[in-house]
Amino acid sequence: MSIEFHDVSFTYWQAEEPALQHITLEIPAGQFVAITGPTGAGKSTFLQMLNGLIPHHIPGRMEGEVLVNGVSTRELSVAQLSRQVGLVFEDPDSQIVSLTVEDDVAFGPSNLGWSAEEIRRHARQALEQTRLLGFEGRNPFTLSGGEKQSLAMAGILAMRPQVLALDEPTSMLDPIGRARIVSILKALAAETNTTILVVEQNPELIIELADRVLLFDGGRVIRDGTPQEVYSDVEALQQVGAKLPPMVETFWELRRRGLWQEALPFTVEQAVAALKPRIRSGYAQNSNTLSPPSADGAIVEVREVEHRYGDEVQALQSVSARFRRGETTAIVGQNGSGKSTLAFHLVGILQPTNPQGRVIVDGLDVRTTPLRELIRHINYVFQNPDDQLFQETAELEIEYGLKQLGIPADERRRRLEWALELFGLHDYAHNAPKSLRRGLRTRIAVASVVAMQPEVLVVDEPTTGLDRRESLEIMQTLQGLAESGTTIIFITHEMDLVAQFAQRVLVMHAGKILRQGAPTQIFADLPVLQQASLSQPDIYSLAAALGWGDLSALRTPADLAERIAQLM
Ligand SMILES: Nc1ncnc2c1ncn2[C@@H]1O[C@H](COP(=O)(O)OP(=O)(O)OP(=O)(O)O)[C@@H](O)[C@H]1O
Ligand SMILES: [Mg+2]
């Protein structure tokens, strides 16, 4: 099915600025289009026009015309349109409609007039594609973050729509889950002529998948071309703060230093082929080594912790781990491997279900320490910020925890100011958190915990749903706290953030700790990466292909460029 936009603008009710301005473009049937650009650029608004949510349900003023298969969306109902256009939203919680996984996946297809057998077959296939076989009887609300996101995808795949519109569908998936979605989408585009539009921040996925990229900024399409064309336009991407493919970033840096005039490579293979004849083999040392942790005593100790949810799910199986004071640790692993469950135990939200399981924080037994006391030592920022934002304004949200700690008013004021400043939230202090965009909600959630100044800060997927600029800002703020002595434990599926910010990595698999070590050790261990559904960041793949042994201090594309420069 083709899609046409004819001079389309949209302004949300009561908004001052239009969210989309004068969009004119045509998408032929079967095209695979990636939509990228910073937060607030209009990407989600664009998708919501495809199935008629705009103009039929979402209040605001729409101008121009959107045609789906030649028919204006104004002339079709949302019910009619949603048979043709399957839309997967950013927030999977908002899409759960049933009390079991099985019913949830069957819900969409059951409205299409199919036979019971067809519904069952399509639902089963969608569960298989999204790694959810075996979860049929589970309550969707008890799924892990990534499992919920997979379920939202399954529900739409089962309907076999002719247009698929996906809003950051892999933001909570582990790298292998992402690769699976990529191959499913590729097959759909190639074999069934499905038109696919996907909002995506990850350039590696876009390059692998898309026929065409639309770069959005300020409600407009500022670049429209093949992935090669758009990702060669480094200045445009940098200007809007979009993430560059790591190889492009590396070679752009070399070009900036006057060392690279040829085309920029997009993939590791291209980079290796371009580099091999140009560099000496050998080994160069990076100057930028990371400061060692301030002390080596463990501040958090986990001993033989098991956790069972109900009768069936064994989420943790005898986990033991130590987190050193002042160190920044990343917890990584497949969806459902137990990362969030482990984090809940560190802060006493959950208790081990085996009697001998213990968590000791700063010498205190988490089982027996009152929460009020514990949160001075360790605190947690939820995977979904909306699970912890309840106050009417950002300011009240940040002050709430401080009041709970019994901190006197003038000190509260001081900490509030400090936290607002640290997270760039001054302009939003009096806004209702729920009305703000995801990046700001995340910042408020983190700020409200940081204001309590715990010695250990546990942050669960802090960059999900954020654009590149916001992600780096949050991570750099956490790094700043680490430098002033806070112990940071963060959970993430973004391997490049692990490489850049973690001093230690804890790899989880099926409720156990599979391996721990420095990022360089973990990312060199291909069997472990494979078993835990992780991927090797491109900078390490390139280093491995060039035969470099010691990868210490290789954390970013800039570090990689530095080393290559020394060998040229
Ligand atoms: N309340 C619950 N009831 C039953 N099972 C649960 C509950 N919460 C989590 N689980 C299950 O426990 C396992 C571990 O979940 P957890 O949320 O810790 O995973 P995770 O590693 O954080 O995953 P993700 O990367 O998707 O966030 C999963 O299989 C999940 O479905
Ligand atoms: Mg989780």
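Residues numbered from 1 in each chain as written. Chains lettered and ligands numbered in written order. Predicted model: local features only at pLDDT ≥ 70, side-chain atom pairs only at ≥ 80, totals over all residues. Heavy atoms only, no water.

1. Notes on the nonpolar core
Right, on to step 1. In this structure, Leu185, Leu478 and Leu542 are the most contacted members of the largest nonpolar core, which totals 121 residues.
Right, on to step 2. In this structure, leucine 478 is in contact with Val446, Leu457, Val459 and Ile488, ignoring residues within four places of it in sequence.
Right, on to step 3. The next biggest cluster of nonpolar side chains, apart from the first, holds 33 residues, and it includes Ile35, Ala41, Met49 and Phe216. (Core = buried A, V, L, I, M, F, W, Y, C linked by side-chain atoms within 4.5 Å. Buried < 20%, exposed > 50% of the residue type's maximum accessible area, 1.4 Å probe, protein only. Contact = heavy atoms within 4.5 Å.)

2. Focus on the domain arrangement of the protein
By a widely used convention, the size of an interface equals the accessible area lost when the partners come together.
Right, on to step 1. Per the domain assignment, the segments making up the protein are domain 1 (3-240), domain 2 (244-289 + 537-568) and domain 3 (298-536).
Right, on to step 2. One C-alpha centre belongs to domain 1, the other to domain 3; they are set 30 Å apart.
Right, on to step 3. Taken together, the 23 residues of domain 1 in the interface contact 22 residues of domain 3.
Right, on to step 4. Of the roughly 1600 Å² buried at the junction of domain 1 and domain 3 (both faces included), carbon and sulfur atoms supply 45%.
Right, on to step 5. For the pair domain 1 and domain 3, the interface holds one salt bridge.
Right, on to step 6. Taking the shortest distance from any N to any O, the salt bridge between glutamate 494 and arginine 178 comes out at 3.0 Å.
Right, on to step 7. On the surface where domain 1 and domain 3 come into contact, there are nine residue pairs in polar contact (both at pLDDT 80 or more).
Right, on to step 8. Secondary-structure elements contributing two or more residues to the side of domain 1 that touches domain 3 are α6 (145-157), α7 (175-192) and α10 (234-240). (Domains from an automatic or database assignment. Buried area = accessible area lost by both parts, 1.4 Å probe. Salt bridge = Lys/Arg side-chain N within 4 Å of Asp/Glu carboxyl O. Polar contact = N/O pair within 3.5 Å; in protein donor to acceptor, adjacent residues only side chain to side chain. Helix = DSSP H or I, 4+ residues; strand = E, 2+ residues; numbered from the N terminus.)

3. Focus on the coordination of the magnesium ion (ligand 2)
Right, on to step 1. Listed as protein donors to the magnesium ion (ligand 2) are Ser340 (OG) and Gln383 (OE1); their distances from the metal cover 2.0 to 2.4 Å. Of this pair, serine 340 sits in helix α13 (residues 339-346) while glutamine 383 is found in the loop between β16 (378-381) and α15 (394-404), placing the two residues 43 residues apart along the sequence.
Right, on to step 2. On the basis of relative accessibility, which here comes to 16%, the residue glutamine 383 falls in the buried class. (Donors = N, O, S within 2.8 Å, 3.2 Å for Na, K, Ca; no water.)

4. Here's the deal with helix α11 (residues 246-256)
Right, on to step 1. Most of α11 sits inside the fold, with eight of its eleven residues counted as buried.
Right, on to step 2. Of the residues flanking the end of α11, it is glycine 258, one or two places downstream, whose phi is positive at about 80°.

5. Focus: the site of ligand 1
Right, on to step 1. Not every one of the 20 residues close to ligand 1 is listed here, only the nearest: Ser144, Gly146, Glu147, Lys339 and Thr341.
Right, on to step 2. Threonine 142 places a polar main-chain atom, nitrogen or oxygen, 3.2 Å from a nitrogen atom of ligand 1.
Right, on to step 3. A distance of 3.0 Å is found between an oxygen atom of ligand 1 and a side-chain nitrogen or oxygen belonging to histidine 493.
Right, on to step 4. When ligand 1 is considered free in solution it has 640 Å² of accessible area, and contact with the protein chains removes 87% of it.
Right, on to step 5. At the level of secondary structure, the elements contributing two or more residues to the shell around ligand 1 comprise α6, β12 (313-324) and α13.
Right, on to step 6. For the shell around ligand 1, the per-class residue count stands at three nonpolar, 13 polar and four charged. (Near = heavy atom within 4 Å. Areas by Shrake-Rupley, 256 points an atom, 1.4 Å probe, with all protein chains shown as cover. Nonpolar A, V, L, I, M, F, W, Y, C, P; charged D, E, K, R; others polar.)

6. Details of the pairing of strand β20 (residues 512-517)
Along any regular strand the residues' side chains alternate between the sheet's two faces.
Right, on to step 1. Here five bridges tie strand β19 (residues 504-509) to β20, and the two strands are oriented antiparallel to one another. Its bridge partner lying in β20, histidine 509 is registered against lysine 512.
Right, on to step 2. Counting the residues in the hairpin turn of β19 and β20 gives two residues, including alanine 510, whose phi is positive at 45°. (Pairing = 2+ DSSP bridges.)

7. Side note on the confidence of the model for the protein
Right, on to step 1. On average, the protein scores 93 in pLDDT, and the residues at 70 or more come to 97%.
Right, on to step 2. Low pLDDT (under 50) marks residues 287-295, which in the prediction has 14 contacts with non-local residues, meaning those over four places away or in another chain. (pLDDT = per-residue confidence, 0-100.)

8. Focus on the pattern of salt bridges
Note that side chains of opposite charge can pair when their charged atoms are close.
Right, on to step 1. Throughout the structure, instances matching the rule amount to 33 salt bridges.
Right, on to step 2. A salt bridge links arginine 412 to glutamate 399; the shortest N-O distance between them is 3.3 Å. A residue pair is termed long-range when its members are at least 10 positions apart, and arginine 412 in helix α16 (residues 409-422) and glutamate 399 in helix α15 qualify at 13 residues. As far as the burial class goes, arginine 412 and glutamate 399 line up, both buried.

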